[in-house]
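Here is what each chain is made of, one letter per residue.
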Amino acid sequence: ATVTVRAPSSTANLGPGFDVFGLAVDAFFDEITLTKKNSGVTIVTKDNIPTNPDNNTAGLVIKNMLKKFKIKDGVEIKIKKGVPAGFGMGSSAASAAAAVIAFNQMFELKLDDNALVEFAGFGEKASAGSVHYDNVAASVLGGFVIVRTNPLDVIKIEPPMNLRMCIAVPTLEVPKKKTKVSRGVIPKKVRLGDSIANLSNAAVIVAGFMKKDSDLIGKSIKDVIVEPARQHMIPGFSKVKENALKAGALGVTISGAGPSVIAFSKSNADLKKIALAMSKGFASANTKCQTVICKP
Ligand code: HSE
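### Things to note about helix 10 (residues 268-283)
In this model helix 10 runs 23 Å from its N-terminal to its C-terminal C-alpha over 16 residues, within 8% of the 22 Å that 1.5 Å per residue would give. Looking only at helix 10, the buried set comprises L271, I274, A275, A277, M278, G281 and F282. Structurally, helix 10 contributes buried residues whose contacts are with strand 7 (164-170), helix 9 (237-246), strand 9 (261-265) and strand 10 (289-294).

### Some details on the packing of aromatic side chains
Under the criterion given, the structure shown has 4 aromatic pairs. Ring plane angle 45° and centroid distance 4.6 Å describe the contact between F103 and F107, whose orientation is recorded as tilted. The exposure classification of F103 matches that of F107, with both residues buried. Seen from their ring centres, F144 and F209 are 3.8 Å apart, and the 0° between their planes marks the pair as stacked.

### Observations concerning the packing of helix 2 (residues 91-106) against helix 4 (residues 134-141)
The N-to-C vectors of helix 2 and helix 4 enclose an angle of 50°; their axes lie 8 Å apart at closest approach. Taken together, the axis directions place helix 2 and helix 4 in an arrangement best described as oblique. Crossing of helix 2 against helix 4: the hand is right-handed. From helix 2, A93, A94, A96, A97 and I101 reach across to helix 4, where they touch N135, V136, S139 and V140. Classifying every residue of the contact of helix 2 with helix 4 gives 7 nonpolar, 2 polar and no charged.

Reading guide: rules and limits
- Residues numbered from 1 in each chain as written.
- Predicted model: local features only at pLDDT ≥ 70, side-chain atom pairs only at ≥ 80, totals over all residues.
- Heavy atoms only, no water.
- Helix = DSSP H or I, 4+ residues; strand = E, 2+ residues; numbered from the N terminus.
- Expected span 1.5 Å × (residues − 1).
- Buried < 20%, exposed > 50% of the residue type's maximum accessible area, 1.4 Å probe, protein only.
- Contact = heavy atoms within 4.5 Å.
- Phe/Tyr/Trp six-rings, centres within 6.5 Å; stacked < 30°, edge-to-face > 60°.
- Axes fitted to C-alpha atoms, helices over the stretch in contact; angles between N-to-C directions.
- Parallel < 35°, antiparallel > 145°, perpendicular 65-115°, else oblique.
- Left-handed = near helix turned anticlockwise from the far one by under 90°.
- Nonpolar A, V, L, I, M, F, W, Y, C, P; charged D, E, K, R; others polar.

Below is the structure:
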């Protein structure tokens, strides 16, 4: 028996929704093919990723699920990476999500959304040092997702039809354990006024998705807590943001833990201008950049 599943890349946080908001992005996909074997968990891949299942997101997820459901079979995991790793596009989450969905199908577990996301989150612990479900929830469910942890609840909302996004992926050396490093720079304590600002913007983003109002979403992509703490890790960030806003972007922020930057728009014509403006912003810091335009 063989099952193949593809899961999309995603962008987490959307500004003020740190660890809470995720948005599936159909720009890149990871593909996982599971094959039942007699015993053991093995990884087959042509990509430059760990093949020891204990150091591999999909491997960790599958081993954990075999144990939790007391399944004695072995599983071969074939991985085709499409999501660039280390750029804030939910690369590990896409593999984890595809692995969980494939495993659920293969062993006919009939898991609900919360359970699928929870099992996928297990793989994130390995790469980020702590569990956060924003990327995996978006990769598993698609669309815009809100994650409440403790107890885990995932809520999906379909994005407005006219919401478009441009992702600028800089060509940078990203540190190993990047997510862990970029979580380390976030302040442990925040001012009440900052918390109020982020909470109000986050609330309006949710309202924007409910009302299918891309302008409302775009103008609420404002984060006074995490973005200011992380932006120094992205050479050219302030220029990229300024340029994108000048070119007509509705809102601009770091994608997940970075270093990619996302800009929202509802016009395809504007998106081309925004993409160029963002590339120029990165070029001003001597950073090359690949821009991906997509509809989430
Ligand atoms: N919410 C997480 C972070 C996403 O920003 O650290 C990381 O992929």
